[in-house]
Every structure is written in C-alpha cells, then in structure tokens.
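Read off the chains here:
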Amino acid sequence: MRIFDPHIHMTSRTTDDYEAMYAAGVRALVEPAFWLGQPRTTVGSFLDYFDALLGWERFRATQFGIRHHATIALNPKEANDPRCTEVLDEIPRYLAKDGVVAVGEVGYDSMTPAEDEAFTRQLAMAIDAALPVMVHTPHRDKLVGTHRTLDVVRESGIAPGMVVVDHLNETNVALVKDAGAWMGFSVYPDTKMDEHRMVAILLEHGTERVLVNSAADWGRSDPLKTLKTGRAMLAAGFTDDEVDQVLWRNPVEFYGQSGNLLLDPVPGFVEGEAPAPTASFEGSSVLRGARA
Amino acid sequence: MTTPAPTPAAGTTPPGLAAGRPDALAGLLTDEQAAWLATARSEIAADPGTAVGHLARAGRAVGRTPLAPAADPAGVLHGTLDDAARAHLVGALAAALPADGESLATHLTETYQRGDTAERRGVLRGLDALALGGTVPPAVASAATALAADALRANDQSLVAAAVGPFAAAHLDDHAWRHAVLKLVFMGVSLDAVAGLDERADDELARMAHDFAAERRAAGRTVPDDVARIAPDLTLRTTHGKDA
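Residues numbered from 1 in each chain as written. Chains lettered and ligands numbered in written order. Predicted model: local features only at pLDDT ≥ 70, side-chain atom pairs only at ≥ 80, totals over all residues.

Student: What's the story with the overall build of chain A in this structure? I'm lost.
Tutor: Helix and strand counts for chain A stand at 11 helices and eight strands. In summary, chain A has a C-alpha radius of gyration of 18 Å against a globular reference of 19 Å for 292 residues, a match within 12%. A principal-axis box enclosing the C-alpha atoms of chain A has dimensions of 60 × 50 × 35 Å. Counting all 292 residues of chain A, 48% fall into the buried class. When contacts within chain A are restricted to residue pairs at least 6 apart in sequence, long-range pairs at least 24 apart make up 73% of them. (Helix = DSSP H or I, 4+ residues; strand = E, 2+ residues; numbered from the N terminus. Rg over C-alpha atoms; globule rule 2.2 N^0.38 Å. Buried ≥ 20, exposed ≤ 12 C-beta atoms within 10 Å, placed from the backbone. Contact = placed C-beta atoms within 7 Å.)

Right, here's the structure in full:
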C-alpha cells in the first residue's frame, strides 16, 4: 500500500513516527501550517515556523525516506490576534517557494469578522499564486461553518476543484461534494472520524475527490490512521485500486495542481539504516551524538 | 539513511563547470527552460521586484540536475541547473539596478535572509557570476561578505560549498577564507569546490592543516586526502588507529 498523508503536523511528531510511517507505506505527505497549541504573539514567530516547515522538517523527513510538502497560511484561530495578522503581508513570498503546495489551513474557527478578513484575503492570494486551498472547518457549529465556508469560497471566484474542505463528517460531506470541492477527512482516535465511519462514507459517496488524512499533531492522534483506513477499506470489499486512489492518487491529483510536488524516491535512502552521520541541516542532525 | 554522494578525488573535476560561470548552462537547458529563463530575465530588467518570485521558482522551472554529474553527483561542489539559473537571474537583477550597488546589496541581503537553502545558494552563485564579470561594487562586496560568512557558519554542504567560489576568493579576508577551506575538509567536502585554492593557499593554512591532521591522528582517525592539497609536505601514510 503506498500512502500520501495529505494532512499531518510532523513538527509535533518523533523520528519513531517517521520510521513507522515509512514502514506502513507512507512516501509523501503535506504538513499544513497551523496553530502550535501555545498561541503565537509576533509575526516573527510565524516566519520561523514557516521556514522550519520548508527547511528543517523537509530535511528530517528525507532522512526517513519521505517527501515532505507544506501549506502556508495564517490559521483562523490566530487570525483573531491583531499582533499576528500582519503576517498576511509576508505570505505571498512563501507561496512562491519550493514545496509549498497550497494555501492553508484557512477557514473558520469562531466565525469572527477577523477570520472573514483573513480567509478572504488568503483565498485571493491563492488565486494570484495559482495554488490550491486547504480549508479547516470549525470544531463547533460545524454545519453552519461549512455553509459559510462554501459561500466565501464561491464568492472568491476560485475553482471549487482547487479547494479541499477538511475535517468533514456525515453531516456536511454532501454539502461539500455538491459544491464540487474536494472532501477531506481527518481520521482520529475517538473524535472527528474513525476508520469504520470513514469506510461507510466511502461506500455512500464513492472514492472520487476524497482525501483521507491522519491530521496527527501534538494532540492525541495516530500517524498510521491512513494505513488503518486502507485496511478497513479492503476488509469492507474495496479493491486495491480503490485504496490506491484514495490514499495516493487523489492527494497527488489535488496537490499536483500546485505544480510543486516532488514524489521521486529520496536518493540514497535505505529502509532500516540509520541516517548518514554527516547529513545535517544548517548544522543540526537527527542523530544525537556519535554512534557506538 | 540518506548517504551523501562521495566527493570526487582531487584533480578529477573538469574545469569551468561551477554554477557562477557565464557558460554554466550552455547546452543544458531545453527550449522551454531557456525560454523561461529569458522571460524571467526580461521581467527582472523591467521590474527588479519580480526577481524574488523568479528566484523562488527556478528549481521548478529548470530542474535541479547537477552541472557536473560525473564528478559531482549531488551537485554540491559545482552546483546544479537551478543554481546556475539563479546566478543568471542575479546578473539580470544587477544590470537592472543602479551601478553604485546600494540597491543591489539590499535586494541580495533580503533575498538571502528570507530565502530557503536553494535561494541562498543562488545568491552566492550569483555573486560568483558578478565577481567573474568584474562587476562587484563596494556596497555589494561589503554586504555580500556578510552573507558568505553566514553561509560558512552553516553545515549544509551545498551552502558552504557555494560560499567558497570566485566571490569568496576575491573578497573574503585571509582568516575567514582559511577557516572556510578547513571547514570543507572537516565536513568531507572536496576542495574542488574552492575557487582560487592554489593562488590563496598560504603557510598559515598549511599550519592549520598540519594541526588538523595531528588532531585526527591523536584521535586514531584517518586524515582526509584533501589535507595534502593545502599542506603539501604532509605525510598521510602515518595515520594509524581503527579507521586507518
């Protein structure tokens, strides 16, 4: 099974996770820029984070044979802090960089005027940069938030096929499907969506325009939920080809619209071997001290 | 897990292939890639502000193939197609800005400081192109020496190697230049990356190389062959210990 995790926050994960993901079949992923748990208070804090996504984290992933891509945005939660919103002026520069495959996560958290402003401006930036958009839907009042999200997307003029609306569930999937956007599902332990509910949704709505992700981050989450969903699909009678479509070809098609995916195998990578001791990123290595 | 490509033995590298050379791209671009580069250059000539976006996109536009794949399979020593394309774009930027270099210095510093590793390499290779063309105004030399110093503090091999080209040969002071050379040896990067090695190597560098070799021997480790290039009277055969 080859797997492309279209939404996972690797800065919060360990090298054990990278090794387990590679063993599970993960060869590529997208890390969306998001909130880090501790609220940011300055623009500089965002810029260092964006640079880390495109620099250190990409390097770290390649040490484990995985191609790392990122999406860049001011997330809706922090769009409410005026100390952070000036980062919007910096985002177009990042959207031009190698490995940036979408604008995201954008969308709504509490549906405030500040979130409206950040969402609308960043949709316009995506159109200017010819990039897809990853939209986060709110944890609270999700159905209303999804309606409003789709209205704003429609008003922006962006093609619906350039938009994935993420964190969907049984109540709002049809709305997004009918709008022509891509449907994203975050498969979590206990919350949002589990792999068996995911299979039921796939049986009802089909495998077109569906992205399944682990959305693993610093919270309770599981970076192998993509693999577990693939297994649950096979157990429910889906074919290998259908699993490949959902777990690989769909994310490649969606993010490939950026023209910025790198999917060739990492040169020189051998599974199970420790990273080369001389491999480092600006002086930092994933190894801790010399090997015994 | 990823293994860095072996650096070629001393003296095996074809000359003239570094990314900052004006002919570095000769015969290597497809028509489509060459057209992209020509368009980018003319857009920069019309509006220098467009350079930021073109420099960011160069890797996607022309690819990242090493310029001298046989001698330098990872593109560390002599650079890559996108390094060379960025060097051309820096040349276009320099031509579009006032000759006093004040504005160019500002543009290059900003591009470097806000750039990813590839963009930073592009600025450094672009400085090489300017140095080879004899067109480095004092304002640029001053600002860019600081950029090279920053790159030489990094441990990314491709970035350090891009900071020891013709610009460094012409503008780094002796102390900084010697430390740069020794750092390459320390990192296991071939000195084929260094422009003007024979012209600038001096007794002090040879002393540093001897001391480095002594430290390695004391630790029971091998002395890299390249040490002999900067300390010609050094006997490498006296190495001993588990790695010898």
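Student: Whenever I open this one, the overall build of chain B confuses me. Can you help?
Tutor: Summing up its helical and strand segments, chain B has 12 helices and zero strands in all. Across chain B, helices and strands are ordered from the amino to the carboxyl terminus as α-α-α-α-α-α-α-α-α-α-α-α. Burial status across chain B gives 47% buried among its 244 residues. For chain B, restricting intrachain contacts to residue pairs at least 6 apart in sequence, the fraction spanning at least 24 positions comes to 68%.

Student: Please clarify how the sheet that holds strand S1 (residues 3-5) of chain A should be interpreted in this entry.
Tutor: One key point about sheets: their strands pair by backbone hydrogen bonds, in either a parallel or an antiparallel sense. Residues and elements named next belong to chain A. The parallel open sheet is built from eight strands, whose spatial order is S1-S2-S3-S4-S5-S6-S7-S8. Looking along the sheet, the strands with just one partner apiece sit at the ends: S1 and strand S8 (210-213). On average, each strand axis in the sheet is inclined to that of its neighbour by 25°, with strand direction left out of account. As judged from the two bridges shared by strand S6 (residues 163-165) and strand S7 (residues 182-186), these two strands associate in the parallel manner. Paired with Val 164 across the two strands is Trp 182, which belongs to S7. (Pairing = 2+ DSSP bridges. Axes fitted to C-alpha atoms, helices over the stretch in contact; angles between N-to-C directions.)

Student: Please clarify how the nonpolar core should be interpreted in this entry.
Tutor: Generally speaking, soluble globular proteins have nonpolar side chains that are buried together. Within the largest apolar cluster, 78 residues are counted, with the highest numbers of intra-cluster contacts made by A:Ile66, A:Ile72, A:Val103, A:Val133, A:Val163 and A:Val164. When neighbours within four sequence positions are excluded, A:Val133 is seen to be in contact with A:Ala102, A:Val103, A:Gly104, A:Val106, A:Leu123, A:Ala126, A:Ile158, A:Met162 and A:Val163. (Core = buried A, V, L, I, M, F, W, Y, C linked by C-beta atoms within 7 Å.)

Student: Where do I start with the packing of helix H6 (residues 113-129) of chain A against helix H7 (residues 142-156) of chain A in this structure?
Tutor: How two helices sit against one another is set out by the angle between their axes and by the gap between those axes. Residues and elements named next belong to chain A. Taken N-terminus to C-terminus, the directions of H6 and H7 make an angle of 45°; their axes are 10 Å apart at the nearest point. Between H6 and H7, the angle is such that the two are oblique. Handedness of the H6/H7 crossing: right-handed. Residues Phe 119, Thr 120, Leu 123, Ala 124 and Ile 127 of H6 pack against Val 152, Val 153 and Ser 156 of H7. Considering only residue class, the contact of H6 with H7 consists of six nonpolar, two polar and no charged. (Parallel < 35°, antiparallel > 145°, perpendicular 65-115°, else oblique. Left-handed = near helix turned anticlockwise from the far one by under 90°. Nonpolar A, V, L, I, M, F, W, Y, C, P; charged D, E, K, R; others polar.)

Student: Looking at this structure, how should I read the packing of helix H9 (residues 195-205) of chain A against helix H10 (residues 225-235) of chain A?
Tutor: All names here are of chain A. H10 packs onto H9 with a crossing angle of 55° between their chain directions and a minimal axis gap of 9 Å. Our classification of the angle between H9 and H10 gives oblique. Note that H9 runs across H10; the crossing there is right-handed. Between H9 and H10, the residues in contact are Glu 195, His 196, Met 198, Val 199 and Leu 202 and Lys 225, Lys 228, Thr 229, Ala 232 and Met 233, respectively.

Student: Would you mind showing me how to read unusual backbone geometry here?
Tutor: Where the residue is not glycine, phi is negative for most of them; where a peptide bond is considered, it is trans in most cases. All names here are of chain A. Between Gly 104 and the following residue, Glu 105, the backbone shows a cis peptide bond with an omega angle of -5°. As for its position among the elements, Glu 105 is in strand S4 (residues 100-107). The residue Met 111 is not glycine, and still its phi comes out positive at about 55°. Its place among the elements puts Met 111 in the loop between S4 and H6. The residue Arg 209 is not glycine, and still its phi comes out positive at about 55°. On the secondary structure map, Arg 209 appears in the loop between H9 and S8.

Student: I'm lost on helix H1 (residues 15-24) of chain A in this one. Help?
Tutor: Working note: α-helix, 3.6 residues per turn, so residues spaced by three or four point in the same direction. Residues and elements named next belong to chain A. Along H1, the residues that are buried comprise Tyr 18, Met 21 and Tyr 22. Looking straight down H1, one finds that the buried residues subtend no more than 100° of arc, so they occupy a single side. On its buried face, H1 is in contact with strand S2 (26-32) and helix H3 (56-62). One or two positions beyond H1, positive phi appears at Gly 25, with a value near 110°. (Arc of directions from axis to C-beta.)

Student: Sorry, what's going on with the environment of A:Leu202 here?
Tutor: All names here are of chain A. Within the fold, Leu 202 resides in helix H9. For Leu 202, a count of 21 C-beta atoms within 10 Å translates into the label buried. For Leu 202, the residues in contact, after removing those within four places along its chain, are Thr 207, Val 210 and Met 233.

Student: Is there a simple way to think about the pairing of strand S5 (residues 133-136) of chain A in this case?
Tutor: Successive side chains on a regular strand alternate, one facing one side of the sheet and the next facing the other. Residue and element names in this part refer to chain A. Residues Val 133 and Val 135 line one face of S5 and the alternating positions Met 134 and His 136 line the opposite face, and both faces are buried. Judged from the three bridges that link them, S4 and S5 form a sheet pairing that is parallel. Across the sheet, the residue bridging to Val 103 is Val 133, located in S5. Viewed along the sheet, the connection from S4 through H6 into S5 turns out right-handed. Each parallel crossover has a hand, and for S5 linked through H7 to S6 it is right-handed. (Right-handed = clockwise from strand over helix to strand, strands pointing away.)

Student: Is there a simple way to explain the environment of A:Phe46 in this structure?
Tutor: Residue and element names in this part refer to chain A. Relative to the helices and strands, Phe 46 resides in helix H2 (residues 43-54). Separated by 124 residues in the primary sequence, Phe 46 and Glu 170 have C-alpha atoms spaced 34 Å apart. In contact with Phe 46, not counting residues within four places along its chain, are Arg 40, Cys 84 and Val 87.

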